[in-house]
Amino acid sequence: MKISQHLTLAELIRSESAKRLGISNMPTQEHIENLKQLAENIFEPIREHFKHPIYISSGYRSQALNAAIPGSSVNSQHSRGMAIDIDMDGTDIKNSAIFEYAKTLPFDQLIWEFGTKDNPDWVHISYSPLNRKQILYATKRNGKTIYNKG
């Protein structure tokens, strides 16, 4: 099922953890509608801007899958079909470039996930009706994830 011009539902629900744990990762119709909004407002503009396939390291996560992933928030927007994580490692496009471009979009939350001061390990971007334009930087301190406002 196509979610948008360049994105399929299969790409958004792919999860090695779900396979390994035998957990269903099929979204509801409401979550599919949220994924369509996310694709239209976030994914497709990034794809168009960079003129390159965009690699999603984490898309939709069912509540059961989200609960099985250590460190996942119980309020994760991934579980509502409102968030994707993009990781462009192995391409000519840096994650930091994705992060900077995403600032121009109508995002809800944009997170520089770990990495260095020059490049995050991946970029978390969410879209929701609120679109708070919240920018955060995730780091580890004593084994715990800390989010600092940007």
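Residues numbered from 1 in each chain as written. Predicted model: local features only at pLDDT ≥ 70, side-chain atom pairs only at ≥ 80, totals over all residues. Heavy atoms only, no water.

1. Thoughts on the sheet that holds strand S8 (residues 144-149)
By definition, the strands of a sheet pair up through backbone hydrogen bonds, in either a parallel or an antiparallel sense.
Then, in step 1: Strands sit in the order S3-S4-S6-S5-S7-S8 across an open sheet of 6 strands; the sheet is mixed. Each edge of the open sheet carries a strand with a single partner, namely strand S3 (56-58) and S8. In this sheet, neighbouring strand axes are inclined to one another by 30 degrees on average, regardless of whether the strands run parallel or antiparallel.
Then, in step 2: Pairing between S3 and strand S4 (residues 83-86): 2 bridges, direction antiparallel. Among the inter-strand pairings, serine 58 is bridged to a residue of S4, identified as aspartate 85. (Pairing = 2+ DSSP bridges. Helix = DSSP H or I, 4+ residues; strand = E, 2+ residues; numbered from the N terminus. Axes fitted to C-alpha atoms, helices over the stretch in contact; angles between N-to-C directions.)

2. As for the pairing of strand S5 (residues 109-113)
Then, in step 1: Burial within S5 is extensive, with 5 of its 5 residues counted as buried.
Then, in step 2: Here S5 shows no split at all, with Gln109, Ile111 and Glu113 on one side and Leu110 and Trp112 on the other all buried.
Then, in step 3: Looking at chain direction, S5 and strand S6 (residues 122-126) are connected through 5 bridges and run antiparallel. Bridge assignment links leucine 110 to a residue of S6, and that residue is isoleucine 125.
Then, in step 4: Here S5 pairs with strand S7 (residues 134-141) via 5 bridges, running parallel. Residue pairing in the sheet places leucine 110 in a bridge with isoleucine 135 of S7. (Buried < 20%, exposed > 50% of the residue type's maximum accessible area, 1.4 Å probe, protein only.)

3. Here we look at the environment of alanine 39
Then, in step 1: With respect to the helices, strands and loops of the structure, alanine 39 is situated in helix H3 (residues 29-50).
Then, in step 2: Residue alanine 39 is classed as buried on the basis of its relative accessible area of 0%.

4. Some points on the packing of aromatic side chains
Then, in step 1: Using the criterion set out here, one finds 5 aromatic pairs in the structure.
Then, in step 2: Pairing phenylalanine 50 with tyrosine 101 gives two aromatic rings, centres 5.9 Å apart and planes at 85 degrees, and the pair type is edge-to-face. Linking phenylalanine 50 in helix H3 with tyrosine 101 in helix H5 (residues 95-102), this pair joins segments that are 51 residues apart in sequence. There is no split in this pair, since phenylalanine 50 and tyrosine 101 are both buried.
Then, in step 3: Summarising the aromatic geometry, the rings of phenylalanine 99 and tryptophan 112 are spaced 5.1 Å apart at their centres and angled 85 degrees between planes, so their arrangement reads as edge-to-face. Of this pair, phenylalanine 99 sits in helix H5 while tryptophan 112 sits in strand S5, and the two are 13 residues apart along the sequence. Here phenylalanine 99 and tryptophan 112 have matching classes, each one buried.
Then, in step 4: Among the aromatic residues, those joined into a ring-pair cluster are Phe99, Trp112 and Tyr137. (Phe/Tyr/Trp six-rings, centres within 6.5 Å; stacked < 30°, edge-to-face > 60°.)

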